[in-house]
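The primary structure of each chain is shown beneath.
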Amino acid sequence: MITLTHFLVVSACIFCIGLYAVLAKRNTIMILVGIELMINAAILNFVAFGKYDKVNYGGQVFAIFAIVLAAAAVAVGLAIILNVYRHFNTINPQNIHELKD
Amino acid sequence: MIESLLFYAFAGLAILSALLLVHIRNIARALFLLFIVLFAMAGLYLFALADFIAITQILVYVGGVLILLIFAFMLSNKELLDDLQPSSKRFISLPNWQAIILALAFLSLMIYSYISWAQHMPKWISQAEAKGRMILPTDNNIKTLGFKFMTQYVLPFEVISVFLMMALIGAAHLSRKESNK
Amino acid sequence: MNTFLHISPVTASILVTLLPLFACLAQALIGKKSISGNIALVAIIASTGISLFGVFLPIWNETTTLQKWAWFTIGEYTLEVGILLNNLTALMQLLVCIISLPVHIYSRAYMKSDEGIHRYWMYLSLFCFAMLGLTVSLNLLQLYIFWELVGFASYLLIGFWFTKETAVQANKKAFLVNRIGDIGFLIGIALVYAHCGTLDLSVLFNQTGTQIAIDKNATWVTFAGLAFFLGAMAKSAQFPLHVWLPDAMEGPTSVSSLIHAATMVAAGIFLLCTVFPLFNDTVLLVVCIIGTLTALSAAIFALGQHDIKKILAFSTISQLGFMMVGVGIGAWDAAMFHLTTHAFFKCLLFLCAGAVIHEMTHLKAKAKLDIDPQDLRHLGGLRHFMPKTFICMVVASLSLAGFPFTSGYLSKDSIVITAYEWANHLRGVYVLIPILLTIVSLLTAFYIGRLIFKTFFGDFKYRSYIDEGIIFHEAPSLMLVPMFFLAAGSLFPLFGISLTDYHSAWIMLTLDAGTNYPILAQAHLFIPILLTGGAILSWFMGWRWYVKQKYPLSENNRFVHFAYKQGYLNEFNEHIFVRGTTGLSRILYTFDRYVVDGFTKFFSWLVRQLSVVAYWFDKHIVDGIVNLLAGTMYYIGHLVRHVQNGQLQTYLGFALTIVVLGLLYLIIK
């Protein structure tokens, strides 16, 4: 029997892996991949809970919305990455430190 | 029983390939690992009886996002050479220890809270279980979702459509080569 | 009486004043394209019409009208500006209009090919606005504002040919000398305000309503009167502040005729007539003496001049002196009468001179001569070439010289005869003034005769050029028409039917100052005969000297030289004021350098020594503490500095750490 908790634990694992990617990777594209992983974990939570909502179908509907948002985020994010690459000639976030004092 | 086995297989596949993804230094390979992760996730969605979401996941992520990522990676491939440089052979390179600690701490926090939360679930879930208001494998999800989108969720649907268009136009504008400069 | 479209005289008067202002603004906006001067001309024609029918006819001899508007309030006193219309102001405004109109028409021809003509029309309109506003001002401060504006317009027009060095010097001189007078005027205003608490002319001098009692024997009244007179002295070019007027002839001749002969210089006389009730006997005597001195000195200076315009300028000064005497002896009606007649014939004289200069300049340009077209010595025999100009000039000259049948005869006699009556009333040395005036009259006749003879009689030196085919002809009709108009105004019928009796002139009848000394019947008989006889005699002398070439004096006669150099007054000013100022500054400089600077240097040495001590204290004690603090802060800051390394991922890591800690706290709690 697969319970809700199973889904939640798997999604937590995927989420933390994504978090690690965001925090540690030295490539902006990989950071974006990490974000995608986190969004996927969230979608998994959506559909897992959505199983118990037959009246509104809220979980699945918002899972779709989340996928759309993720796609938009990727498109814009990649455009930004390209611009950053053109500007700094690198996509390593460690080399981009305009914010430094 | 087979169902559980399949679930664990999918979950294991997803988690392991995700771990490999974040560990590997070759980005091209990492992106193909992401492909596997996304497939595995789609399989997990099926277990949550969300067949349409699973298919959308494959269509959007594998067909769109992943291709985009690969393109972006290729367009900025100067870094590719850097990443192919031999690096330390250690499983976990030292500079990332803070990130690992942080991620593990977060994971343990979440799992702890999920387990403690599972003891007393919200009332609406137990009610749905009791009254049989759950989605069943026999339901026609796609049809219902179509109705829902066009009736109850028509406003968010339209808003998200416009938002997506704006985002795509914005992305196209941002990545345009500024020749006039 | 008011038949002119039923506009109230006040409104009409405002219209008269503002039309030239609008013309000025319009021309300023149009800029270089407004060369025809049509705007200015239309404005002044309309002003003249309105002034005659809308203001002068309803007001003259009828009523006094005024209207005021609050301008601003200081403390309890509300300053009001407004329009005051009585016989004096209405006459003055009409006069300005009537003189301006022919000059505008004349200018169209005279200034036709000038490069800066768009500026010319603008300035001329500005001047008309200022002068018309001056005439009807209700408030002394308002009057002062227009007074300054008039001076400014005059400054602009004197320096109209600003590329000419002399013109620039002349307008600077005019402006500076006028400043002296303006200060006097301002002091007068301040004194009146301090003692009477109002600047409203109608309240001050009982035009309507209550009169403020002025104790005529108070010292301040004398000072205020003298201050006003100082203002009038500068504006009306009275000795010794007359020095700017001859130099002002650097402006275009049409300007000289309008501003520096007929209207602006008369503003001083007008001011004195306006504030006449303020003057006590002391002030009047000073006015009288200065007036006589001016009349005499200017007449003498006029004898020695060669420049045709300078002769006329000194003649103007001399006649202004006459008017001053008129005011000084209390007969301000006679002064106004003379002002009016003088405006006509002096304006005409200038216009005629302008016509002559105009033609001479053409001749000079065509024949490529290197002569001064204004110099009398180059002129002569022009009556054959310019007969109409000649007639006009003779009419004006006769009027200036005071021959019968002219307006000048009436007005000049009125002043001289009244002066005799005044002197007879007072006795003693006062009789010197009318005697001097008589002499001045004869001198006037002589120098104007000299001007006529030298210009129009005798032989023309450059006849050979004309024989060679260079055209030298009569002035264009656009210039002649205004001259004929003014010539008609210089004859007696405009001012009264009586040929000899100035008392029956309509200006005298209405203004009537009411002098309180007895009329001398024999003066009325003898003085005109004496003056006319003397004038004829001096013309005859002039004829013999200048036409028949029997000049009795040598060229380098000291007296002639004295007159030519204008009594060395400019040199005197140069020596006394300019050199004096320079010398004073040199002394002050020395004082400044050795005494003031010495003190300063000593102090600076002292301060320097002090600061050395303070520096040591500052460096080792104050700075030590501060540096210690700063160093501590620096090291602390250095420790935390690494957090702010610009790495987004590090920032995110910190944020997440805080989130994790927060969640931990929530769980443990």
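Given the structure is predicted, the values throughout are model-derived calculations rather than measurements.

1. Description of the overall build of chain B
Here is step 1 of the chain: Assigned secondary structure in chain B consists of 8 helices and 0 strands.
Here is step 2 of the chain: Sequence-ordered secondary structure for chain B, helices as α and strands as β, is α-α-α-α-α-α-α-α.
Here is step 3 of the chain: With 181 residues in all, chain B has 22% of them scored as buried.

2. Side note on helix 10 (residues 253-262) of chain C
Here is step 1 of the chain: Summarising burial for helix 10 of chain C: 10 of the 10 residues are buried, a large majority.
Here is step 2 of the chain: Taken as a whole, helix 10 of chain C has its buried residues at Thr253, Ser254, Val255, Ser256, Ser257, Leu258, Ile259, His260, Ala261 and Ala262 of chain C.

3. Structural notes on the nonpolar core
Here is step 1 of the chain: Core analysis: the biggest nonpolar cluster contains 203 residues, and Phe127, Ile269, Cys347, Leu348 and Cys352 of chain C have the highest contact counts within it.
Here is step 2 of the chain: Looking at this core element by element, the count peaks at 21 residues for helix 14 (residues 332-367) of chain C.
Here is step 3 of the chain: With 81 residues, the next largest nonpolar core counts Ala12, Ala21, Met38 and Ala63 of chain A among its residues.

4. Looking at the environment of Leu271 of chain C
Here is step 1 of the chain: Note on placement: Leu271 of chain C falls in helix 11 (residues 266-274).
Here is step 2 of the chain: Through-space distance from the C-alpha of Leu271 of chain C to that of Leu143 of chain C is 8.9 Å; in sequence the pair is 128 residues apart.

5. A few points about unusual backbone geometry
Here is step 1 of the chain: For Leu49 of chain B, which is not glycine, the phi torsion reads 60° and is therefore positive.
Here is step 2 of the chain: On the basis of neighbour counts, which here come to 20 C-beta atoms within 10 Å, the residue Leu49 of chain B falls in the buried class.
Here is step 3 of the chain: Phi angles above zero are rare outside glycine, and Ala237 of chain C is one such case at about 55°.
Here is step 4 of the chain: Considering the arrangement of structural elements, one finds Ala237 of chain C in the loop between helix 8 (219-235) and helix 9 (244-247).

6. A word on the UniProt feature "transmembrane region" (unreviewed entry) in chain A
Here is step 1 of the chain: Under the local residue numbering, the UniProt record ascribes the feature "transmembrane region" (unreviewed entry) to residues 6-23, 30-49 and 61-85 of chain A.
Here is step 2 of the chain: For residues 61-85 of chain A, helix accounts for 100% and strand for 0%, while the C-alpha atoms at its two ends are 36 Å apart.

7. Here we look at the pairing of strand 2 (residues 77-85) of chain C
All names here are of chain C.
Here is step 1 of the chain: For strand 1 (residues 65-74) and strand 2, the ladder comprises 9 bridges, and the chain directions are antiparallel. Bridge assignment links Gln67 to a residue of strand 2, and that residue is Ile83.
Here is step 2 of the chain: Between the end of strand 1 and the start of strand 2, which pair antiparallel, lie 2 residues, with Gly75 showing a positive phi angle near 60°.

8. Focus: helix 1 (residues 9-30) of chain C
Residue and element names in this part refer to chain C.
Here is step 1 of the chain: For helix 1, which comprises 22 residues, the first-to-last C-alpha distance of 31 Å matches the rise-based estimate of 32 Å (1.5 Å per residue) to within 8%.
Here is step 2 of the chain: Most pronounced at Leu18, the bend in helix 1 amounts to some 30°, and the proline Pro20 follows within four residues.
Here is step 3 of the chain: Where the residues of helix 1 are buried, they touch helix 2 (38-59), strand 1, strand 2, helix 3 (87-110) and helix 4 (117-135).
Here is step 4 of the chain: Gly31 occupies a position one or two residues after helix 1 and carries a positive phi of about 80°.

Reading the values: the criteria
Residues numbered from 1 in each chain as written. Chains lettered and ligands numbered in written order. Predicted model: local features only at pLDDT ≥ 70, side-chain atom pairs only at ≥ 80, totals over all residues. Helix = DSSP H or I, 4+ residues; strand = E, 2+ residues; numbered from the N terminus. Buried ≥ 20, exposed ≤ 12 C-beta atoms within 10 Å, placed from the backbone. Core = buried A, V, L, I, M, F, W, Y, C linked by C-beta atoms within 7 Å. UniProt positions renumbered as here; feature names shortened; annotations may be inferred. Pairing = 2+ DSSP bridges. Expected span 1.5 Å × (residues − 1). Bend = angle between axes of the 7 residues up to and from the residue. Contact = placed C-beta atoms within 7 Å.

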